[in-house]
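Per-entry structural report
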Amino acid sequence: MEWMILPLKRYAQFSGRSRRMEYWMWMLFVIIATIVLSVLDSILGLGGRTQVGPGAVPGGYSYGAGVSGGWLANIFSLAVLIPGLAVSVRRLHDVNRSGWWLLVPLAPYAVGFAILFTLTAGGGGVSGLLVLSMLAMVAGLIGAIVLLVWFCMPGTVGTNDYGPDPLDDSNEDLTRTFE
């Protein structure tokens, strides 16, 4: 449980390094909390929607639950946005990459959606711009896959450009963080 809430203790700390355990336990915590809050939103009538079993997806069959968040889940998502970005940046630092790499998938997606928006607003048909938009979105997907691979990689052994190794027990500052 300590690993799940460690990014909250380091709320807006974008410097330093984070281990894989800290990053993935944080992601697990956020996913579980969002599902629980979405179900609670649905039960309390706060805008959430929960469907389980046949027909969870309109016109389809779902083996899981169709969950969409309401007020509580959305407020939680806003509250964990900064620590989520911070732990992601620190995780990239652990593999000796700049935190700016988080923007790699966003730029192509933004271009792709901007082109799609102009096509739909202008009433344009299928054209070279549509193909360009799809290529931009594929580039964004490739960037997201690269980030996922980096998040799964072991960190740099020893001190790197972003600080000392979080696995080094002789580092007093990080040891105090885990207490």
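Before going into details, it helps to say that this report is about the structure given with it. In this text, all values refer to a predicted model and were calculated from it rather than measured experimentally. (Residues numbered from 1 in each chain as written. Predicted model: local features only at pLDDT ≥ 70, side-chain atom pairs only at ≥ 80, totals over all residues. Heavy atoms only, no water.)

As a further point, take the overall build of the protein chain. On a plain count of helices and strands, the protein chain comes out with seven helices and two strands. In the protein chain, which comprises 179 residues, the proportion classed as buried is 32%. A sequence separation of at least 24 residues applies to 65% of the contacts in the protein chain between residues at least 6 apart. Only carbon and sulfur atoms are counted for the fraction: they give 72% of the accessible area of the protein chain, which is about 10600 Å². (Helix = DSSP H or I, 4+ residues; strand = E, 2+ residues; numbered from the N terminus. Buried < 20%, exposed > 50% of the residue type's maximum accessible area, 1.4 Å probe, protein only. Contact = heavy atoms within 4.5 Å. Areas by Shrake-Rupley, 256 points an atom, 1.4 Å probe, with all protein chains shown as cover.)

Right, let's get into the packing of aromatic side chains. In total, this model carries five aromatic pairs according to the counting rule given. With a centroid separation of 4.9 Å and 85° between ring planes, the pair formed by Tyr23 and Trp24 is classed as edge-to-face. Ring geometry for Trp101 against Trp150: centres 5.0 Å apart, planes inclined by 85°, an arrangement best described as edge-to-face. Of this pair, Trp101 sits in the loop between helix 4 (81-94) and helix 5 (106-122) while Trp150 is found in helix 6 (residues 128-152), placing the two residues 49 residues apart along the sequence. For Trp101, a relative accessible area of 38% gives the class partly exposed. (Phe/Tyr/Trp six-rings, centres within 6.5 Å; stacked < 30°, edge-to-face > 60°.)

So, about helix 1 (residues 2-9). Burial in helix 1 covers these residues: Met4, Leu6 and Pro7. Down the axis, helix 1 shows its buried residues gathered within 155° of arc, on one side only. (Arc of directions from axis to C-beta.)

A separate point is unusual backbone geometry. With a phi close to 60°, Asn96 is a non-glycine residue in the positive phi region. If you trace the backbone, Asn96 turns up in the loop between helix 4 and helix 5.

The subject of this paragraph is a nonpolar patch on the surface. A grouping of Leu8, Tyr11, Phe14, Leu81, Ile82 and Leu85 is seen on the molecular surface, where their side chains present a nonpolar patch of about 480 Å² in accessible area. Sorting elements by how many residues they give to the nonpolar patch places helix 4 first, with three residues. Within the element layout of this structure, Phe14 appears in the loop between helix 1 and helix 2 (20-44). (Patch = residues over 30% accessible without salt bridge, like charges linked within 9 Å, V, L, I, M, F, W, Y side chains within 5 Å. Salt bridge = Lys/Arg side-chain N within 4 Å of Asp/Glu carboxyl O.)

Another aspect to go through is the environment of Val80. Mapped onto the elements of the fold, Val80 is located in the loop between helix 3 (71-79) and helix 4. Taking the C-alpha atoms as reference points, Val80 and Tyr11, 69 residues apart in sequence, are found 8.6 Å from one another. For Val80, the residues in contact, after removing those within four places along its chain, are Trp26 and Val30.

This paragraph deals with the pattern of salt bridges. Across all of its chains, the model carries six salt bridges by this definition. Residue Lys9 is joined to Glu2 by a salt bridge in which the shortest nitrogen-to-oxygen separation is 2.8 Å. The exposure class of Lys9 is partly exposed, given its relative accessible area of 48%. Using a relative accessible area of 31% as the deciding quantity, one classes Glu2 as partly exposed. Between Asp165 and Arg17 there is a salt bridge, with its nearest N and O atoms 4.0 Å apart. Note that Asp165 is positioned in the loop between helix 6 and helix 7 (172-177) and Arg17 in the loop between helix 1 and helix 2, a separation of 148 residues in sequence. Relative accessible area serves as the criterion here: at 12%, Asp165 is assigned to the buried category.

Here we take up the side chain of Arg90. In this structure, Arg90 sits in helix 4. Filtering out sequence-adjacent residues up to four positions away, Arg90 remains in contact with Pro7, Arg10, Gln13, Phe14, Ser15, Gly16, Arg17, Ser18 and Glu22.

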